[in-house]
Each structure stands twice: as structure tokens, then as C-alpha cells.
Amino acid sequence: MEEANNTNFIFKNPNEAIEARVKDLLSRMTLKEKVGQMTQIERRVAKPSAIRDFSIGSILSSGGSGPFEDALSSDWADMVDGFQKSALQSRLGIPLIYGIDAVHGNNSIYGATIFPHNIGLGATRDADLAQKIGVATALEVRASGIHYTFAPCVAVCRDPRWGRSYESYSEDTEIVRKMTSIIRGLQGQPPQLHPKGYPFVAGRNNVIACAKHFVGDGGTEKGLNEGNTISSYDDLERIHMAPYLDCISQGVSTVMASFSSWNERKLHGHYYLLTEILKDKLGFKGFVISDWQGIDHLSIPYGSNYRQCISSSINAGIDMVDTEPPVLKACTIGCFPKFLCPRKSNSEDVQVMVPFKYEQFVEDVISLVESGKIPMTRIDDAVERILRVKFVAGLFEYPFSDRSLLDSVGCKLHRDLAREVVRKSLVLLKNGKDPRKPFLPLDRKARRILVAGTHADDLGYQCGGWTKTWYGGSGRITIGTTILDAIKEAVGDNAELIYEQHPSPDTLASQDISFAVVAVGEAPYAEFLGDNPELVIPFNGNGIISSVADRIPTLVILISGRPLVLEPQILEKIEALVAAWLPGSEGRGIADVIFGDFDFEGKLPFTWFKGVEQLPMHIEDNSYDPLYPFGFGLKYNMENL
């Protein structure tokens with residue numbers, strides 16, 4: 001503690017150059033403290049003594065892991081500040097970085113503004129809008145005491161069967177590159193002469209960002225999550241690596257390695273891509289972090305040779321390692337923790353994951369260094385990078401939360417921004433059975449309006465995965481406006497509104513319903529839980545559409561994280577079709593457009609295929625024969641945008 005309180009040390013002086021502060025602090029650290037800085041643990045095992053004694057570098061909240069159910073930002077700030085107090089009580093008083101998956105707003109926290117997922121942002125093609133989202137997200141994240149978001153995902157998704165399709169801005173590399181402007185919102189705008197590759201965080205209203213998942217995660221064979229991307233280096237660089245150049249040029253502070261493989265070699269153990277390319281060729285000076293238990297995937301059975309996983313990953317270029325599994329059993333014949341294993345029948349051959357794995361990690365790294373299997377220079381390089389980001393982010397000067405930011409959480413300004421993003425992300429795919437007679441905009445003064453479908457009044461479905469929990473949920477899981485809420489508000493007392501999720505025969509037989517709005521789509525999912533080889537509309541979506549459209553002129557609003565199969569007979573029955581993606585908490589943005597207060601602006605960020613047998617399909621293919629081509633989107637005058 002004497003060292004922590006000594007203000008004469010160079011690293012304690014904010015007027016000293018960052019590199020001088022890094023060098024000074026590194027020179028004072030023991031090997032155990034260095035390895036502690038390379039260690040990230042889950043908050044559920046973050047005991048004060050462990051944070052202090054191991055000099056833990058980072059804590060994270062995995063999806064849904066918070067102080068308690070529906071905890072507010074102020075509750076999160078209390079929790080994070082408590083962890084930070086423990087870190088500052090370590091021998092050198094090095095502050096920790098607290099991280100969270102704030103991938104479409106501060107989405108784990110009740111009451112935060114939930115923006116559309118990245119696929120919707122890609123439909124806007126609006127880089128300035130993405131930057132504004134970054135600014136708003138940063139404020140709400142910092143209000144909760146959190147310093148670090150594992151975002152943005154800059155994957156170029158080449159197959160919508162992938163369970164993370166909605167985390168990708170587009171199948172098109174140039175659109176993904178354009179939308180990396182969100183980093184300037186999250187971290188702030190670097191000055192003109194900022195050194196290339198050097199991390200940048202403007203101030204206390206900004207967060208540490210993370211470009212992920214390096215590299216090729218969106219190009220796996222058949223869209224399999226954590227699968228294998230088969231390509232030449234030239235194609236990997238041209239399609240999948242290009243967005244990272246933009247992230248690095250904007251001062252992105254961290255990069256997360258991908259679970260996936262490139263030509264059968266796992267990225268978490270890929271020295272050539274992580275060190276020779278990312279760090280040496282591209283000049284990235286921030287730190288590389290593993291994905292959740294990513295290094296354990298370097299051995300099969302999962303995590304079976306942890307010591308070798310550590311050696312392979314750190315020597316490959318991983319700087320900070322997420323060490324903490326849940327206290328659950330793990331499948332030993334595949335690559336997943338047991339409770340996540342897609343092979344649900346695996347009821348034997350399991351091992352119990354120890355609850356304090358960070359202790360084993362620290363012990364193994366020290367042993368590997370002492371035996372010469374991990375060079376000390378590699379440890380020092382990793383810790384330099386971590387400390388550099390901490391100094392850049394101002395954590396030594398301002399380690400605690402700023403409670404003055406709490407009023408920004410879910411504020412009207414941010415919700416209005418999210419509403420604007422929803423409006424601009426909507427893609428109009430059909431408007432009228434007869435092109436000369438557009439069906440939209442809807443008449444808010446119609447006599448009777450039917451609203452139906454599984455997604456018309458479900459905020460959780462509307463927000464999608466990575467909302468409140470890792471995989472999302474259904475119902476009123478946070479504060480927001482559903483499509484039904486928004487339609488009620490838009491029509492007011494002008495029309496009689498009937499809402500039935502599954503309309504009854506009597507309702508459908510009614511002769512005086514002017515039109516119907518049917519909202520259907522996908523249930524929330526995340527990562528491999530969303531891998532889907534069929535891509536049909538679930539919950540009997542086609543049946544609901546058909547039963548309504550057979551009797552009543554119908555607008556269909558599709559809530560999904562990717563294009564889905566649209567049956568020809570269904571398309572023939574309906575009057576209009578809108579792809580609304582996963583719009584988040586502000587359903588008013590949908591009502592704004594379908595009732596004509598604003599025109600449609602969105603363009604397809606992905607090719608809309610006719611059938612899954614065509615996948616993967618891209619605009620450059622010689623046999624390109626989509627249902628709707630990449631970039632398609634109608635306006636009210638029926639012209640393609």
C-alpha cells in the first residue's frame with residue numbers, strides 16, 4: 001500500500017508521457033502482478049481479496065450477470081466502484097477495467113436505451129448516425145461505472161445461417177468499414193496527428209472499445225458459429241480484415257480474437273494473424289483480449305489441457321485472458337460448456353469447472369515463464385499494452401463512476417435518437433399487390449384496425465439477443481415501446497384498434513376491418529443458439545399471416561436478425577412487407593413510417609435469398625438470383641432507393 005500511495009512515482013504523475021508512465025510502472029511490478037493484469041475474471045467470483053492480492057486487471061459481466069434482477073445504472077455503479085476500491089488497495093494501486101457487452105446500447109441494464117442491432121444500422125448506411133449511437137452508448141455505459149464495451153462487432157457476415165448475423169452490419173465489406181464510425185462515438189475523435197495504431201479514449205464520457213472478432217468470424221463454412229473460414233489470405237484480408245484497418249486508424253483500444261478458425265487453425269492460437277499481421281503489420285498498439293473462455297477451445301476435449309492452451313494463446317499474441325467459467329459441468333467430447341453444448345444428449349464424460357480458475361491461470365503462467373515456455377518479453381509486451389490502455393482511458397486519475405451521468409440513461413434525447421435509427425433502418429420490400437396502387441402509408445383514421453402476430457406486443461422479441469441476458473427474452477424485459485403501443489399512440493381515438501395475437505375466426509370474419517398489421521419473426525438468440533440451417537419464420541408465422549391476409553388487406557412487419565425464407569404464396573397474399581430487423585426499445589420509429597410521417601430510407605444490407613439451398617449468396621456471384629437483391633428498398637413512390 002505504501003507503493004500505491006507514493007505520488008513521487010512517475011506512473012502516478014498525469015503530466016508525464018504515457019509511455020514513460022507505462023515503463024515506470026512495469027519496472028515496479030512482480031511477475032505475479034504482471035500476470036494478474038493479464039487476467040480477466042467474471043464478477044461472480046470477484047472477491048475483494050482476490051482483486052487485491054492478484055492485482056486483477058479486469059472484471060466482466062457476462063450476459064445477464066448483474067448486481068440483482070432489474071438493477072438500475074446506479075446499482076451497477078455501486079457494484080463497479082466497490083470492485084475498483086479493492087483494486088486500488090493492491091500494492092501498486094493499479095485500477096481495473098470493468099467490461100460488458102454493450103452491443104446495442106447498454107443492453108444488459110434495465111432502463112437503458114436499446115438501439116437496433118447492427119444489421120439495422122447497416123440498412124441505414126449512415127456513418128454519422130452510428131457515431132451518434134456510440135456517443136449515447138458511451139454515456140450510458142459510463143453512467144453505470146463501466147469503462148469498457150466489447151463492441152463493435154465488425155464481422156462481414158457471408159451467410160445468414162450464422163447465429164450472429166444480426167451483429168454484422170452487412171455482407172458487404174465497404175458498409176462494415178463505413179459503420180466503424182461508431183468507434184469515434186464510443187471512444188471519441190482522435191486528434192489529427194494521433195499516432196497510427198495507438199489507443200485513444202477522449203475522456204470520462206467515453207469508453208474503451210473493442211473491435212471483434214479478429215478475424216473471419218463472419219465467413220465460416222455454412223455459417224457455423226465458431227466454425228472454419230476457408231479462404232486464401234488475400235480474400236481474408238480483402239473481405240474480413242479490411243474493417244480492422246479503419247478501427248485501428250480511429251484508435252480502437254482493444255481487439256478481441258475470434259472463436260473461429262482460418263483454414264482449420266484456431267484464431268486464439270494463431271501467431272501469424274495475431275502478432276505478425278495485427279500487431280506488426282497493422283501496427284496495433286492496444287491489447288488483444290480472448291473471447292469468453294476462448295483459449296479453452298484450443299484443446300479437445302474442451303479445456304482438457306489448460307496449461308497448453310495458456311502457452312499457445314499467450315505466445316500467439318493474446319494479451320488479456322478471460323479465465324472464469326461458470327461453476328457448471330463441461331462437455332468433454334466437444335468444445336462447449338455442458339449447459340451450452342448443442343449436443344444435449346451428452347450426459348456422461350463431464351468434468352466440473354473449478355470456480356476459481358484464475359488462480360490456476362496465474363499459477364500456470366508463472367510456471368510457464370519460469371520454465372522458459374513463455375518468454376518474459378512476451379509477458380512484458382502484454383502488460384505494457386494493458387497499462388497503456390488504462391493510462392489512455394484516464395483510469396489512474398478517474399477510477400470511479402461519475403454519478404452526474406445517471407440522468408443520461410434512457411433519457412429522451414437518446415430514445416429519440418434510437419427512434420430515428422429505427423425509422424431509417426426499415427426496409428420496404430413490397431407496397432401493394434398492384435404497383436399502381438400503393439398500400440402504404442396506412443390511414444390512421446381508418447374505421448377499424450387489426451393488430452396481430454407474436455411480435456406485435458413483445459418488447460423482448462423486438463430487442464432480440466444480447467438484451468438483459470446473453471440470449472435475450474420475451475415480454476416487458478426493459479423499458480420501451482412495442483409496435484402495438486406505438487400504433488395505439490399513432491391512431492389515438494381516430495380508429496378502433498383490435499389486438500389479438502392469434503385472431504379468432506369471428507374477428508377474421510368481420511366485414512368492417514379496414515386493414516391488418518401482422519408482426520411476426522424470430523425469437524431472441526445469441527451465438528451458436530442462433531445457428532439455423534432452415535431460416536423459416538418460427539411460431540407458425542406463415543400460418544398467422546395467411547389466416548389474416550386471406551380475409552383482410554395486410555401489412556406484414558418482419559422482426560428478425562437476418563433475411564428469412566418468404567414463401568411465394570404468402571408474398572402473393574399480403575399487400576405490404578417491411579423488414580424491421582431487431583429494432584430495440586423504440587417501436588414508435590416503426591409507426592412513424594408506416595403511417596407516413598416519414599418515408600422509408602433503408603436498403604438491404606444483406607441479399608434476400610429465395611431458398612436456403614442458394615446459400616451462401618453474394619452480389620458478386622455469377623449465378624446471383626435473389627428474391628430481393630442487396631441494396632433493395634422501396635419508397636412510397638414505389639421507386640427502389
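In this text, all values refer to a predicted model and were calculated from it rather than measured experimentally.

Here is what the cut-offs are and how they apply
- Residue positions are counted from 1 within each chain, in the order its sequence is given.
- With the structure being a predicted model, the display of local features is reserved for residues of pLDDT at least 70 and the display and counting of side-chain atom pairs for 80 or more, all residues being used for whole-chain, interface and lining totals.
- Only hydrogens and water are set aside; all other atoms, that is, all heavy atoms of the structure, feed into the side-chain values.
- Helix and strand assignments follow DSSP, with helices taken as H or I runs no shorter than four residues and strands as E runs no shorter than two, numbered in order from the N terminus.
- Radius of gyration here is computed from C-alpha atoms only, and the compact-globule reference equals 2.2 Å multiplied by the residue count raised to the power 0.38.
- Only protein chains enter the accessibility calculation, which uses a 1.4 Å probe; a residue whose area is less than 20% of its type maximum is buried, one above 50% is exposed, and one in between is partly exposed.
- Any two residues having at least one pair of non-hydrogen atoms within 4.5 Å are treated as being in contact.
- Each accessible area is a Shrake-Rupley result for a 1.4 Å probe, and residues are judged covered by the shown protein chains and nothing else.
- UniProt positions are given in the numbering used here, feature names are shortened, and annotations may be inferred rather than shown by experiment.
- Pairing between strands requires that DSSP locate at least two bridges from one strand to the other.
- The rule for a salt bridge is simple: a side-chain nitrogen of Lys or Arg has to be within 4 Å of a carboxyl oxygen of Asp or Glu.
- Paired rings are identified among Phe, Tyr and Trp, the last through its six-membered ring, by centres lying within 6.5 Å, and are further divided according to the angle between planes into stacked (under 30 degrees), edge-to-face (over 60) and tilted (the rest).
- Remark: a charge is flagged as sitting over a ring if the NZ atom of Lys or the CZ atom of Arg is within 6 Å of the ring centre and within 35 degrees of the ring normal.
- The predictor attaches a confidence to each residue, called pLDDT, with possible values from 0 through 100.
- Consider the strands pointing away from the viewer: the crossover is right-handed when the path from the first strand over the helix to the second runs clockwise.
- Each axis is a line fitted through C-alpha atoms, taken for helices only over the stretch in contact, and angles between the N-to-C directions span 0 to 180 degrees.
- An angle counts as roughly parallel when it lies under 35 degrees, as roughly antiparallel when it exceeds 145, as roughly perpendicular when it falls between 65 and 115, and as oblique in every other case.
- Less than a right angle of anticlockwise turn of the near helix away from the far helix marks a crossing as left-handed, whereas a clockwise turn marks it as right-handed.
- Each residue gets one of three labels, nonpolar for Ala, Val, Leu, Ile, Met, Phe, Trp, Tyr, Cys and Pro, charged for Asp, Glu, Lys and Arg, and polar for the others, Gly among them.

(A) Region of the structure containing the overall build of the chain. Looking only at helices and strands, the chain features 21 helices and 19 strands. Whereas a compact globule of 641 residues would reach a radius of gyration of roughly 26 Å, the chain reaches 25 Å, a difference of no more than 12%. Taking the principal axes of the C-alpha coordinates as reference, the chain spans close to 80 × 50 × 50 Å. The buried share among the 641 residues of the chain stands at 64%. Taking the intrachain contacts of the chain between residues at least 6 apart in sequence as the baseline, contacts between residues at least 24 apart amount to 76%. Of the accessible surface of the chain, which amounts to about 22,700 Å², a share of 50% is contributed by carbon and sulfur atoms.

(B) Up close: the UniProt feature "domain: Glycoside hydrolase family 3 C-terminal" (unreviewed entry) in the chain. Per the UniProt entry, the sites bearing "domain: Glycoside hydrolase family 3 C-terminal" (unreviewed entry) are residues 426-636 in this numbering. Across residues 426-636 one finds 19% helix and 16% strand; the C-alpha atoms that close the span lie 13 Å apart.

(C) Expanded view of the UniProt feature "domain: Glycoside hydrolase family 3 N-terminal" (unreviewed entry) in the chain. Those places that UniProt annotates as "domain: Glycoside hydrolase family 3 N-terminal" (unreviewed entry) correspond, in this numbering, to residues 30-321. Across residues 30-321 one finds 36% helix and 11% strand; the C-alpha atoms that close the span lie 18 Å apart.

(D) View of the side chain of T254. By secondary structure assignment, the location of T254 is in strand β7 (residues 254-257). Not counting residues within four places of it along the chain, the set of residues in contact with T254 comprises Y148, I208, A209, C210, A211, F284 and F287.

(E) The sheet that holds strand β6 (residues 228-229), seen in detail. Strand order in the open sheet formed by three strands is β6-β8-β9, with mixed pairing between adjacent strands. With one partner strand each, in any of the chains shown, β6 and β9 (265-266) form the two edges of the open sheet.

(F) Main features of the pattern of salt bridges. Applying the stated criterion to the full structure yields 43 salt bridges. Where R447 meets D512, a salt bridge forms, and the shortest distance between an N and an O atom there is 3.9 Å. Placement of R447 in the loop between β14 (427-431) and β15 (448-452) and of D512 in the loop between α18 (505-509) and β17 (515-521) is noted, with a sequence separation of 65 residues between them. A relative accessible area of 61% means that R447 is categorised as exposed. The network of salt bridges with shared partners includes K279, D319, R378, D381 and R385.

(G) Main features of the packing of aromatic side chains. Evaluated as defined, the whole model comprises 18 aromatic pairs. The interplanar angle of 10° and the centroid separation of 6.1 Å between the aromatic rings of F83 and Y98 together place this pair among those described as stacked. Placement of the pair is F83 in helix α5 (residues 73-88) and Y98 in strand β3 (residues 97-100), with a sequence separation of 15 residues. For F83, a relative accessible area of 11% gives the class buried. Judged by centre distance (6.3 Å) and plane angle (55°), the ring pair of W470 and F528 falls under tilted. Of this pair, W470 sits in the loop between α16 (459-463) and α17 (483-491) while F528 sits in the loop between β17 and α19 (541-549); the two residues are 58 residues apart in sequence, bridging distant segments of the chain. Assessed through its relative accessible area of 13%, W470 is described here as buried. Residue placement shows K32 over the ring face of F54; its charged tip is 4.7 Å from the ring centre. Its end group placed over the ring of F598, R423 keeps NZ or CZ at 3.9 Å from the ring centre.

(H) Structural context of the sheet that holds strand β4 (residues 148-149). Here we have five strands laid out as an open sheet, ordered β4-β3-β2-β1-β11, and parallel in their pairing. The sheet is open, and its two borders are formed by β4 and β11 (321-322), each paired with just one other strand. In terms of strand pairing, strand β2 (residues 58-61) meets β3 through four bridges, oriented parallel. Counterpart to S61 in the pairing with β3 is I100.

(I) Summary view of the confidence of the model for the chain. Summarising the model, the chain shows a mean pLDDT of 94, and 94% of its residues fall at 70 or more. This stretch, residues 326-355, has a pLDDT under 50; its non-local contacts, to residues over four places away or in other chains, come to 75 contacts.

(J) Fine view of helix α12 (residues 306-316). Buried within α12 we find Y306, C309, I310, S311, S313, I314 and A316. Considering only its buried residues, α12 is in contact with α11 (271-281), α13 (357-370) and α14 (376-392). Of the residues trailing α12, G317 is marked for its positive phi of about 130°.

(K) Quick peek at the pairing of β17. Among the seven residues that make up β17, seven are buried, leaving the element largely enclosed by the rest of the structure. Judged by which residues are buried, β17 turns out to be covered on both faces: F515, V517, A519 and G521 on one side and A516, V518 and V520 on the other are all buried. Pairing analysis gives four bridges linking β15 to β17, with the strands arranged parallel. If you follow L450 over to β17, its bridge partner there is A516. Of the crossover connections in this fold, the one passing from β17 over α19 to the parallel strand β18 (residues 554-559) is right-handed.

(L) Spotlight on the environment of V612. Looking at the secondary structure, you find V612 in the segment after α21 (588-594). In the structure, V612 is positioned 30 residues away from L582 in sequence and 21 Å away in space, judged by C-alpha atoms. Once residues within four sequence positions are removed from consideration, V612 is found in contact with R161, P533, E534, L535 and V565.

(M) Representation of the packing of helix α2 (residues 18-28) against α14 in the model. Look at α2 against α14: their axes get within 9 Å of each other, and the N-to-C directions meet at 130°. Considered as vectors, α2 and α14 are oriented oblique to each other. Classified by chirality, the crossing of α14 by α2 is right-handed. Taking contact as the criterion, the partners of I18, E19, R21, V22, L25 and L26 in α2 are, on α14, D380, V383, E384, L387, R388, F391 and V392. Taken together, the residues of the contact of α2 with α14 sort by class into eight nonpolar, no polar and five charged.

(N) Structural detail: unusual backbone geometry. The omega angle of the peptide bond from A151 to P152 is 10°, so this bond is cis rather than trans. A cis amide bond links F214 with the next residue in sequence, V215, at an omega value of -5°. One can find V215 in the loop between β5 (210-214) and β6. One non-glycine residue, Q293, lies in the positive phi region at around 55°. When you line up the elements, Q293 lands in the loop between β10 (287-289) and α12. Owing to a relative accessible area of 0%, Q293 belongs among the buried residues under this scheme. Despite not being glycine, W581 shows a phi value in the positive range, around 55°. Tracing the backbone shows W581 in strand β19 (residues 576-581). Classification of W581 by relative accessible area gives buried; the value is 1%.

(O) Representation of the packing of helix α7 (residues 127-143) against helix α15 (residues 412-425) within the structure. Orientation of α7 relative to α15, taken along the N-to-C sense of each, is 145°, at an axis distance of 11 Å. With respect to the hand of their crossing, α7 and α15 are arranged in left-handed fashion. Contacts between α7 and α15 pair L129, K132, I133, A136, L139 and E140 from the former with H414, L417, E420, V421 and K424 from the latter. Its residues assigned to classes, the contact of α7 with α15 comprises six nonpolar, one polar and four charged.

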